[in-house]
Amino acid sequence: MKKFDSINVIPFVDILLVLLTIVLMTSTFIAKGILPIDVPKSASTQTLEPSSVVLSIDEQGALFLEKSPISHEALQSHLETLASETRFSINCAKQAPFEFFVALLDMLNAHHFKTIDIVIEK
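Calculation criteria
- Residues numbered from 1 in each chain as written.
- Predicted model: local features only at pLDDT ≥ 70, side-chain atom pairs only at ≥ 80, totals over all residues.
- Heavy atoms only, no water.
- Helix = DSSP H or I, 4+ residues; strand = E, 2+ residues; numbered from the N terminus.
- Buried < 20%, exposed > 50% of the residue type's maximum accessible area, 1.4 Å probe, protein only.
- Contact = heavy atoms within 4.5 Å.
- Areas by Shrake-Rupley, 256 points an atom, 1.4 Å probe, with all protein chains shown as cover.
- Phe/Tyr/Trp six-rings, centres within 6.5 Å; stacked < 30°, edge-to-face > 60°.
- Expected span 1.5 Å × (residues − 1).
- Arc of directions from axis to C-beta.

Student: Is there a simple way to think about the overall build of the protein in this case?
Tutor: Summing up its helical and strand segments, the protein has three helices and five strands in all. The secondary structure elements of the protein, listed N-terminal to C-terminal, are α-β-β-β-α-β-α-β. Split into buried and exposed, the 122 residues of the protein put 24% on the buried side. Within the protein, contacts between residues separated by at least 24 positions form 72% of all contacts whose residues are at least 6 apart in sequence. Looking at the protein as shown, the accessible area adds up to about 9000 Å², and 64% of this sits on carbon and sulfur atoms.

See the structure below:
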């Protein structure tokens, strides 16, 4: 009978590296917790106060309420339930068509919301 003097750890290390890669990739997506929208940059910015409602427009023009996709009709009915003092933050991707941004501002203006912050990157 042949006696083993050492253990081959290479397969064990390979499995650990794969598991580590999976954990790191998963934790990156969980840590962000926000929509990955590339907002425009500006030299003159102000720090925003916390908003009660965050609206986002991605590159394709899709609309999001907080982190959930929402249609224009559903957003319209949701806005009717909010007080006119509600504070909004708009995250609009710089590649998004400008008409989607204008349509969102028009919708907020039609419901007489006056406190609207536009999120940019410094």
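Student: What am I meant to see in the packing of aromatic side chains here?
Tutor: The description of two aromatic rings rests on the distance between their centres and on the angle between their planes. A full pass over the atoms with the stated rule returns two aromatic pairs. Ring plane angle 70° and centroid distance 4.7 Å describe the contact between phenylalanine 88 and phenylalanine 113, whose orientation is recorded as edge-to-face. Separated by 25 residues along the polypeptide, phenylalanine 88 in strand E4 (residues 88-92) and phenylalanine 113 in the loop between helix H3 (98-110) and strand E5 (116-118) bring together distant segments of the chain. Phenylalanine 113 shares its class with phenylalanine 88; the two are buried. Measuring from centroid to centroid gives 5.9 Å for phenylalanine 98 and phenylalanine 101, while their planes differ by 35°, and the two rings are tilted.

Student: What is the right way to read H3 from this model?
Tutor: Every α-helix carries 3.6 residues per turn, so stepping three or four residues along brings you back to the same face. For H3, spanning 13 residues, the distance from its first C-alpha to its last is 18 Å, which sits close to the expected 18 Å at 1.5 Å a residue. Every buried residue of H3 is listed here: Phe101, Leu104, Met107 and Leu108. Projected onto a plane normal to the axis of H3, the buried residues spread over an arc of 125° and lie on a single side. For H3, the exposed residues lying more than 90 degrees away from the buried face are Phe98, Glu99, Asp106 and Ala110. On the buried face of H3, the contacting elements are strand E1 (53-57), strand E2 (63-65), helix H2 (72-79), E4 and E5.

Read these as geometric descriptors, not functional statements.
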